[in-house]
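What the coordinates show
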Amino acid sequence: MPLFEYRCADCAAVTELLVRSGEPPQRPACESCGSRRTGRRLSRVRRGRTDADVAADSRGEGVDDPRLLGRWVESRFEEYGMEIPDSAREMIDAAREGELPGPVDDI
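I will try to describe carefully the structure that is included in this document. The structure presented is a predicted model; accordingly, all values stated were derived computationally and were not measured.

Examined bridge by bridge, strand β1 (residues 3-8) and strand β2 (residues 14-18) share 5 bridges and lie antiparallel to one another. Of the residues in β2, the one forming a bridge with Arg-7 is Val-14. Bridge analysis of β1 against strand β3 (residues 38-41) gives 4 bridges, and the strand direction is antiparallel. Note that in β3 the partner of Glu-5 across the bridge is Arg-41.

Spelled out as structure tokens, the structure:
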């Protein structure tokens with residue numbers, strides 16, 4: 001199902017429209033101001049990055065992706081034969097979701 005984007009000629013807002021059939025509707029109303037003066041906009045194509053993509057992009061110049069940070073922390077705990085504290089596990093899981101951890105108070 002394609003997702004079409006339309007820009008309003010009156011307020012410049014962008015309206016997204018999920019179309020279930022092959023034919024998009026003619027000039028949908030702007031979600032912002034209600035105007036029918038909308039024109040189809042060229043949409044960007046996005047592809048999610050897998051863990052393999054992230055690892056391939058990493059060149060050992062530091063950790064720029066929080067998913068790599070979580071993996072690195074786990075490997076350090078494993079290397080030293082230590083069990084991962086619950087607070088560290090929460091930060092690692094958040095990093096895997098793409099969220100950078102905050103400052104560490106006490107682990």
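From this point, the discussion proceeds with the structure in view.
Once that is clear, we can look at the pattern of salt bridges. Per the counting criterion, the structure on display carries 5 salt bridges. When the shortest N-O distance is used, the salt bridge between Asp-10 and Arg-37 registers 3.3 Å. Placement of Asp-10 in the loop between β1 and β2 and of Arg-37 in the loop between β2 and β3 is noted, with a sequence separation of 27 residues between them. Between Glu-79 and Arg-76 there is a salt bridge, and its shortest N-O distance comes to 2.8 Å. Taken together, the residues span about one helical turn, with Glu-79 and Arg-76 both in helix α2 (residues 66-79) at a distance of 3 residues. When its relative accessible area of 51% is taken as the criterion, Glu-79 is described as exposed. Since its relative accessible area comes to 26%, Arg-76 is described here as partly exposed. Each of Glu-74, Arg-89 and Asp-93 takes part in salt bridges that share partners, so that together they form one network.

Glancing now at the side chain of Glu-74. Its location among the elements puts Glu-74 in helix α2. Its relative accessible area of 18% is what places Glu-74 among the buried residues. Here Glu-74 is in contact with Ile-84, Arg-89, Ile-92 and Arg-96, once residues within four sequence places are set aside.

Conventions we followed
- Residues numbered from 1 in each chain as written.
- Predicted model: local features only at pLDDT ≥ 70, side-chain atom pairs only at ≥ 80, totals over all residues.
- Heavy atoms only, no water.
- Pairing = 2+ DSSP bridges.
- Helix = DSSP H or I, 4+ residues; strand = E, 2+ residues; numbered from the N terminus.
- Salt bridge = Lys/Arg side-chain N within 4 Å of Asp/Glu carboxyl O.
- Buried < 20%, exposed > 50% of the residue type's maximum accessible area, 1.4 Å probe, protein only.
- Contact = heavy atoms within 4.5 Å.

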